[in-house]
Structure formats: C-alpha cells, structure tokens
Amino acid sequence: MKQIKVLAQFYVDLLVKLGIVRFSMLLALALVALAVLVQVGVTLVLQGKVDNIDIVRSVFFGLLITPWAVYFLSVVVDQLEDSRQRLSKLVTKLEEMRSRDMLLNKQLQENIAQLNQEIEERVKAEEAREIAMQDLENEVFQREKAQLDLAEQSALLKSFLDASPDLIYYRNEQGQFSGCNRAMEELTNRTEKQLVGLTPKDVYSEEIARKIAETDQQVFKQNVSLTYEQWLEYPDGRKAVFELRKVPFYSRDGRRLGLMGFGRDITDRKQYQDALEKASRDKTAFISTISHELRTPLNGIVGLSRMLLETQLNDEQRGYMRTVHVSAITLGNIFNDIIDMDKSDRRRLELLPKPLDFEEFVVEMGNISGLMAEQKGLRFDLERLSDLPRYIEVDSTRLRQVLWNLVSNATKFTKDGGVILSVSGEIIGQQAEITFEVEDSGIGIPQEELDKIFAMYYQVKDENNNLHAVGTGIGLAVSRQLVQMMGGDITVSSEVGEGSTFTVTIRAPLVDQVEDDEEMPAVQQLGLNIFMVEDIELNITVAKALLESLGHEVTIAMRGEEALEMFNPDDFDLVLLDIQLPDMTGFDIAAKLREQYDHLPALVALTANVIKDKAEYLEKGMDDALSKPLSVKAISDVIQRLVLTCPIDNDEEIEEQEQESGSPSDEMINQLLDLEMLTSYVDIVGTKPVYDSIAMFEQKMPEYIAILDSNMTAKDKDGIKFEAHKIKGAAGSIGLKHIQQVAQKAQSPELPAWWENINDWVDEIKDGYQNDLAVLKNWLATKEKS
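Residues numbered from 1 in each chain as written. Predicted model: local features only at pLDDT ≥ 70, side-chain atom pairs only at ≥ 80, totals over all residues. Heavy atoms only, no water.

**Q** Hey, could you run me through the overall build of the chain in this one?
**A** Across its full length, the chain holds 23 helices and 19 strands. When the 786 residues of the chain are sorted by exposure, 38% land in the buried category. Put simply, of all contacts in the chain between residues at least 6 apart along the chain, 63% involve residues at least 24 apart. As displayed, the chain offers around 45900 Å² of accessible surface, 53% of which is attributable to carbon and sulfur atoms. (Helix = DSSP H or I, 4+ residues; strand = E, 2+ residues; numbered from the N terminus. Buried < 20%, exposed > 50% of the residue type's maximum accessible area, 1.4 Å probe, protein only. Contact = heavy atoms within 4.5 Å. Areas by Shrake-Rupley, 256 points an atom, 1.4 Å probe, with all protein chains shown as cover.)

**Q** Where do I start with the sheet that holds strand 13 (residues 489-495) in this structure?
**A** Sheet strands associate in pairs through backbone hydrogen bonding, adopting either a parallel or an antiparallel arrangement. If you trace the five strands from one edge of the open sheet to the other, you get 7-9-10-14-13, paired in mixed fashion. At either margin of the open sheet sits one strand with a lone partner, and together these are strand 7 (379-384) and strand 13. Strand-to-strand, the axes of this sheet are offset by a mean angle of 15 degrees, without reference to chain direction. Pairing analysis gives six bridges linking strand 7 to strand 9 (residues 418-428), with the strands arranged parallel. Following the sheet pairing, glutamate 383 is matched in strand 9 by serine 422. (Pairing = 2+ DSSP bridges. Axes fitted to C-alpha atoms, helices over the stretch in contact; angles between N-to-C directions.)

**Q** So what exactly am I meant to see when it comes to helix 23 (residues 754-785) here?
**A** Given a rise of 1.5 Å per residue, 32 residues ought to cover 46 Å, and the 43 Å separating the end C-alpha atoms of helix 23 matches this to within 8%. When the local axis directions of helix 23 are compared, the greatest deviation, roughly 45 degrees, occurs at glycine 768. (Expected span 1.5 Å × (residues − 1). Bend = angle between axes of the 7 residues up to and from the residue.)

**Q** Any chance you could explain the pairing of strand 2 (residues 177-180) here in plain terms?
**A** For a regular strand, side chains alternate in direction, first toward one face of the sheet and then toward the other. Direction of pairing for strand 1 (residues 167-172) relative to strand 2: antiparallel, over a ladder of three bridges. Bridge pairing in strand 2 links tyrosine 169 to cysteine 180. Counting the residues in the hairpin turn of strand 1 and strand 2 gives four residues, including glycine 175, whose phi is positive at 85 degrees.

**Q** Any chance you could explain the packing of helix 21 (residues 717-733) against helix 23 here in plain terms?
**A** Each pair of packed helices can be described by the angle between their axes along with the distance between the axes. Two elements in contact, helix 21 and helix 23, have axes separated by 13 Å at closest approach and are oriented at 35 degrees. When you trace helix 21 past helix 23, the crossing you get is left-handed. Here Lys717, Ile720 and Ile727 of helix 21 lie close against helix 23, whose contacting residues are Trp754, Trp755, Ile758 and Ile765. When the residues that make up the contact of helix 21 with helix 23 are grouped by side-chain class, the tally is six nonpolar, no polar and one charged. (Left-handed = near helix turned anticlockwise from the far one by under 90°. Nonpolar A, V, L, I, M, F, W, Y, C, P; charged D, E, K, R; others polar.)

**Q** How should I be thinking about the environment of histidine 738 in this particular structure?
**A** Among the secondary structure elements, histidine 738 is positioned in helix 22 (residues 737-746). Between the alpha carbons of histidine 738 and glutamine 671 there is a distance of 6.3 Å; along the sequence they are 67 residues apart. Leave out the neighbours within four places in its chain, and histidine 738 touches Gln671, Leu672, Glu764 and Asp772.

**Q** What should I look at first to understand a nonpolar patch on the surface in this one?
**A** A surface patch of nonpolar side chains, amounting to about 510 Å² of accessible area, comprises Leu34, Val38, Val42, Val45 and Leu46. For valine 45, the position within the fold is in helix 1 (residues 2-46). (Patch = residues over 30% accessible without salt bridge, like charges linked within 9 Å, V, L, I, M, F, W, Y side chains within 5 Å. Salt bridge = Lys/Arg side-chain N within 4 Å of Asp/Glu carboxyl O.)

**Q** Teacher, can you tell me more about the packing of helix 19 (residues 675-685) against helix 23 here?
**A** Put simply, helix 19 and helix 23 touch, their axes get as near as 12 Å, and they point 45 degrees apart. Accordingly, the angle class assigned to the pair helix 19 and helix 23 is oblique. You can see that helix 19 and helix 23 cross each other, and the crossing is right-handed. Within the contact between the two elements, helix 19 uses Leu675, Leu678, Thr679, Val682 and Asp683 and helix 23 uses Leu776, Trp779, Leu780 and Lys783. (Parallel < 35°, antiparallel > 145°, perpendicular 65-115°, else oblique.)

Structure (structure tokens):
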C-alpha cells in the first residue's frame, strides 16, 4: 500500500512536472509500448510467433485506449492533486492548530503558574488582611476613643468659649462665618448654626459690615494680626464698643484657612473716659466759678489799693497799702497759675500775642519787682544789657506772668542781698530774640534738684536751712510751657547758699507801633449817665469811683429784677451788666431788655474772667465786654466806640416769649406738662389709663436711657436721634411737654451747635423726667379730687 502511495505520488509529481501535453504524449507512448509488449507476449505464448498485424493491432489498440487512459489518469490526478492540496491545507491548519494549542498550552501553564502564585499571594493577603483588620479594629477603637476624648475636650472648650463674655468667631477667606461662641450669638441674635455660612453683610448694618470687610482684607493682605475698636449694635438697639482683634489661622500644612476674631466689650471703659472728660469739664467750670468768685473781691482790693496809693498817705500807711496791693496781685497770679494748670492738663494753653511797647513793659516789671523786693528789705536792680526793641508782638499778660513767677520766687527765697532783673535783646531780621535773667542771692537749689523743679507740683526742700517752697508748685511748670510756646525756653543755674539764676529766652516779631494808651480827655469831660448792675459792694465802690472820676453819673442796681424795674432806656447812655448775679445772669437781663424795648443804649458785659473771645458775648446780646477791675483805657475806649462814634440802634426784631398767666406754680406746671392734651384726655377716659401709661413709661424709660447712653458714648448721631425720637413720642403720649421739647432738640442734629448741646439735653432728660413725672402724678391726684 505504501508503494502504491509512492507510485501515485510519483505519477502526480511527474504530471505536474511535465505538463498535461507532454505527460499525455509520454503516457500514450508508454501505453502503446505496453500494448505492443502485451500483444507480443500473448501472441508468442499462444501462437509462438508474432506477426506484423499483431504489432499493428497492438499499436492501434494502444492508440485507441491512450486518450481514455490519459483522461482517466488526468481526472484521477486532478482529484488527487485537489485532495493533496486540501490535505496540505488541512495539515497546515492542523500544524497551526497544533502550534496554537502548544501556545495555548504554554499560556495555560503560565496562567496556572500565575494563578497558583496569585492564590499564594491571596492567601498571604488574606492573612495580612486579617492582621490589618485586627489593626483596623484596634485603630477604630482608638479613634473612637480619641473622638470621644476630642468631643469631651471640644465640649469643654465650647463651654469655656460660651462662658467667655468676649466675642469669639471664625470666618473663612470668603468672609463666611464658620463658628462662634454664645456672646456672638447674643450680639447677632442668631444661633451658631444659623450664623455659619453668612457674611458680615448678612448680619450687620451696611456701615458696620463695610468696616469689618475692610479690616478683614487688611488681615488677609498683610497676613498679620489687627487690633482696632468698633461700635456694634445689639438686637434691642443698644450699642457697645468692642476692642476687636483679628488673627489669621492656618491648617497643619501651612495653608491659610481664614481668620479668628476676638472682641472685648470696652463700653464701660469708654463711659469711664467720657466720665473723666465730663469731670474735667466740671473741674474747669468749678475752677472758672471759683476764679470768678475769688477775683471779684480781689479785683476790688487791687483797684482800691491802687486808688489809695494815689492819695495822700504817710510812709507807714503807704507801706501797708503797697503790701496789700502787691499781695493782691500775687494772689491774682496764683489764680492764673491754677487756671493755666487746668488748661495745661487739657492741652488748652494758648497765647494771644498783641503789639507791645516793650520799653514800657520793662519799666513796669522793674517797678513792680522793686516794690516786691522793697517789702522784704531787699535790693533790686534792673539792668539793660543791650539796646531793646521798642515794639514787639507778644502775649504781654503771659510774659508778665512768667517773669512775675520768677521774681516772686527770687524774693521769696532770698533773705539777704538782692534780686537783679537783666534784659537784653538781639534783632535777627524781623524777629527779636529777648533774654531775661532773674538772679538772686538766696538759698540756691541743690544740683540734684535742678532737673526736677520744672515738674508740676514739685517743690524744692532745703533741710539744712529748714526752708522749702510754700507755693502751689505749679508756677515754674506752667511758666516753662508758656515760654516754650513763645519759641523759647527757661534754664536755671544755681549753687546752694549762693543763689540762683533763671534765664528766659523768647522770640517775638517786631512791629512798627502800638495803639496809643493815653487817656481821652473828651470822654472824661462828657458826663454820661451810666447804669451799672453789680452785686458786689467792693466792685461797686471801685467801679463807681473810677467812673465818677471821669465825670460820669452812675446808677446802681444789685439784682436782675431790680435792674429791670429801675431801667428806662431814655435815662441812660450806657449799661454795664455783671454776668453773674444772684437771681439771673447779665445775658438774661440783656435778652429781656432787647425783648422789651426797641431802642437801647449800648449793653456792655462785666466779667471777672479773662476775656479771650468776645464773640460769645456778642452772640448772647451784648455789644461789648470788659474785664474787672475796670481800667480808664478800657472804659474810655468802649465809650468812644459805642456811645460817641457808633451808638447802638436795636431795631432788630426779637421773637416774643409766651407769658403764662396764673401763679408761679401754675406756670411751672404749664411749662412741664401739656395741660390742654391731658385735661381733654382725662375728661374723656379718666385718670386710670393715664396712670397705666405712666407705669409703662416708667418701665421703658430706663431701657431708652441705657440705649441713649450707649449711643452717646459711641457718638452715633443717628442712634441718638432715633432714641430721642422714641423718648419724645413716649413723653408726648403722657403729656410730658418739657421732656418732649428737650427730646425734640435732641433728635434734631440739624440745629446749630447740636453736638455742643446734646450732652446737656440728654442730662436734662435723664435728670428731669422723674421730677416731671412727680408733677404729673400730683396734677392727676388734684384732678381726681376735683
């Protein structure tokens, strides 16, 4: 079988190799040859010989069967070839499949190995997972424990934060609240949950939110903490000032998360500061009042002693009178020091420079210093060390005060010897640099004390000589401040037991001349009728003597009511009004006179205070103002300007004040209560609803006043206006006309000098409403009885 397959394959290969034509020819030859051989063989066997016909017959027979054989073989070969090709393809596919199977088998083995490895890893991972689960369970336990501990700490911290009266809050970089404490909740009237996610614009008013946003941006831009003060408002309208501190805060990785804010209520501190300021104002008013009360008799002593020194006296009497005169002047300078000390505390010392005849000033200082030295039996010398400018511009009163203090101290601490006042001047351009030296031969000042003597209230003590300063201890301190304001300074050199030298240097502008101080004879001979209202006998004596010495007739009234009864505008050429009288002020008299008469003589105020600005006097109805004691120059100048040259014509219309009829008690009630409204209301509904309204008013008023005080401390004009408006409405509802009127002023910032008066109006409301309520209750009780 195998040989047949080989022969068949050989046959097919030969057919393919020779082609169908050549192969057919070869096959035909082979068949013919085969047929011949068979025929010859058979014939030989059968007949024993071979004829030609047998060969021809064999060839013919071979040629006859050759095509069929060729066709048959060709078909067989084609089929075999097709079979072979299909088999070849099948073998190829089988080989490919075998190769693929081998590859798949290899991959399967690899996958099995990998799977085994993964199984091992999974086993290990499962073991690791079990270990990790145990660790995780332990970690979860620890974390839960830590969270519990943290929650306890957070709760404790939250309780601490909530217990704090200070504001504490957090905001992110978008300005949204992230948390706060209870104090912040009370301020905003929102819980922490409600507040989270809101911005300041959602919580505060526009003005407050704008400032908060600006300060937040400063913290973020500069990346530093910020502390400032800001007024915030509670839901009930009460305002409080907080000292706010904002600091940026960061995460662990250094990323900024936002800011933390802390706010401390310093309203009490502000109110305390306001109270201090008010106390300072009250102190100033007290000092001013005391100064006036003390200057009044003191001015009389100075004036009378000056007048007596101009009369015929023996030497002993003149000595006594000089002592009285100098003592009064000394006391006046002490008053000046006290007033200046108060102004120095409030940084309100001021200078009023005017042209001054410097030569005359030096002579005056020499005369009065000589008089002081003469009282103690000391020698006094005035030395001009250089040429002095004739006219300078300086506050002569302040300069005189400084030199007076130095000369007074020099004479006070000198037992034997004398005092020397040296003056020198140097002109530099349009400025004069003037130097005063006050040298004494007194006890001197220890070296270690020299740096302290210009301190306020400091007094040098000399234990060896049992002598120490007995003055106020403020003269040198105030003097140095005044001299420094004049562009100079005070220095001192001293040696214990040898005396001291104080050197004063000032700078003053040069001027051409000063006003003529000579008296005006025309005024002296005029003979005016002058009406003077003054309540101090001593002042009356001094002023009357001066005016009568100038040829005038003087009519005196000692009280305001008396002055109004005595006054007739046609009888007098000039009216002098003291500002402080027992029953009313000079301003009140001026107002009533201007209201009552169309034409008045000049109204001139008299005051014991130093006049710095006459505008206030002019605004309150005066034509001028003079300081006491009167001087010939001052009164003559006023007469020249107001009586001779510019007589006053009061054609200005003054609004008439409503005059209530009835007894003084009725007038007071009518001023305090709206009787028309109350009467009609009580007649309709009775007194009980009024009492109920009063009770509600008494309950709400402390709250109104507390909020009003907070707005006053905050200087919040709108808040003051709003609360005053509420008080006005509440007062009007129960007929408290006076409180209603004051509250109307307080709620009207457009009024002139509103800020200057609002404190007084608020105090009037706070101090007066209880009294007005008592009047109202008494009136209601009277209505019930009737």
